[in-house]
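# Coordinates in review
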Amino acid sequence: IFIIYFYIARSSKPLFLGSKMPESIYKYCAKNNIIFINSFENNCQKLNYKDSYCIAYDIAKYLNLKIPHNLEKVRARARFEFIYKNGVTNSYIIVDVAHNIASVEYLFSQIKQEFTLKDIKIKAVFSALASKDIATVVNYANKYIDEWEVLSLADVDSRARDDSKLKTAFKNIEHNFFESVKDCF
């Protein structure tokens, strides 16, 4: 399950990467004058801490802050986050806010790695704002998705009032469409 939002990187602002990303991320950063910091290359990886710890560590360092002793407990929410696991029934719910084609590619690489030996079917609950490259993301993800639940975000975000781009991206893809978040869940 994933909901996609786009473009969190900004020109002349730092972007902290907690793990190795596709080359397209680095090219995008260079092209758009984004300062990126490879948190996965720092010493915390040698200490077997997770990506979010490495990012938090590097942000604290970047801001010249004293690094808290319990920083290793910090975790980024909605990044390949299991909210339900049942190995007996082979049922899992994963939340990920993949927000561009690179992050969607990374999401599916994580899914492949996690479920290498399992025969799984993927049901996606999906939405995106009209300002995003919905068609590219959907076209890529569709080769992995067995069932789509698509929802308008108009009832929770005024930037999503026009969902025609969302509907167009699914014109030739079998899906269920929900007019509101409430209707979907």
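Heads up: these notes are all about the structure in this document. Keep in mind it's a predicted model, so treat the numbers as computed, not measured. (Residues numbered from 1 in each chain as written. Predicted model: local features only at pLDDT ≥ 70, side-chain atom pairs only at ≥ 80, totals over all residues. Heavy atoms only, no water.)

Let us look at the overall build of the protein. Summing up its helical and strand segments, the protein has 6 helices and 7 strands in all. Mapped from its N terminus to its C terminus, the protein presents α and β elements in the order β-α-β-α-β-β-α-β-α-β-α-β-α. The burial tally for the protein puts 37% of its 185 residues in the buried class. In the protein, the proportion of contacts linking residues at least 24 apart, taken out of those at least 6 apart, comes to 56%. Total accessible area computed for the protein in this model is approximately 11500 Å², and 52% of it derives from carbon and sulfur atoms. (Helix = DSSP H or I, 4+ residues; strand = E, 2+ residues; numbered from the N terminus. Buried < 20%, exposed > 50% of the residue type's maximum accessible area, 1.4 Å probe, protein only. Contact = heavy atoms within 4.5 Å. Areas by Shrake-Rupley, 256 points an atom, 1.4 Å probe, with all protein chains shown as cover.)

Moving on to the packing of aromatic side chains. Inspection of the entire model under this criterion finds 10 aromatic pairs. Consider the rings of Phe80 and Phe82, whose centres lie 5.5 Å apart with planes at 85 degrees: the pair is edge-to-face. According to the relative accessible area criterion, Phe82 is partly exposed, its value standing at 22%. In this structure an aromatic cluster arises from ring pairing among Phe80, Phe82, Tyr92 and Phe115. The residue whose ring lies beneath Lys85 is Phe82, and the NZ or CZ to ring-centre distance is 4.3 Å. (Phe/Tyr/Trp six-rings, centres within 6.5 Å; stacked < 30°, edge-to-face > 60°. Lys NZ or Arg CZ within 6 Å of the ring centre and 35° of its normal.)

Turning our eyes to something else, we now look at helix 1 (residues 23-31). Of all the residues in helix 1, the buried ones are Ile25, Tyr26 and Cys29. Buried residues along helix 1 cover an arc of 95 degrees about the axis, so they all sit on one side. Seen from the buried face of helix 1, the exposed residues on the opposite side, beyond 90 degrees, are Lys27 and Lys31. Buried residues in helix 1 make contact with strand 1 (14-17), strand 2 (35-38) and helix 3 (101-114). Positive backbone phi, at 55 degrees, marks Asn33, one or two positions downstream of helix 1. (Arc of directions from axis to C-beta.)

Let's shift gears to the sheet that holds strand 6 (residues 147-151). Pairing in this open sheet of 3 strands is parallel, and the strands run 5-6-7 from one edge to the other. Where the open sheet ends on each side, the last strands, each with one partner, are strand 5 (123-126) and strand 7 (176-178). Along the sheet, successive strands turn relative to each other by an average axial angle of 15 degrees, direction set aside. With 4 bridges joining them, strand 5 and strand 6 adopt parallel strand pairing. By the bridge assignment, Phe126 is partnered in strand 6 with Val150. (Pairing = 2+ DSSP bridges. Axes fitted to C-alpha atoms, helices over the stretch in contact; angles between N-to-C directions.)

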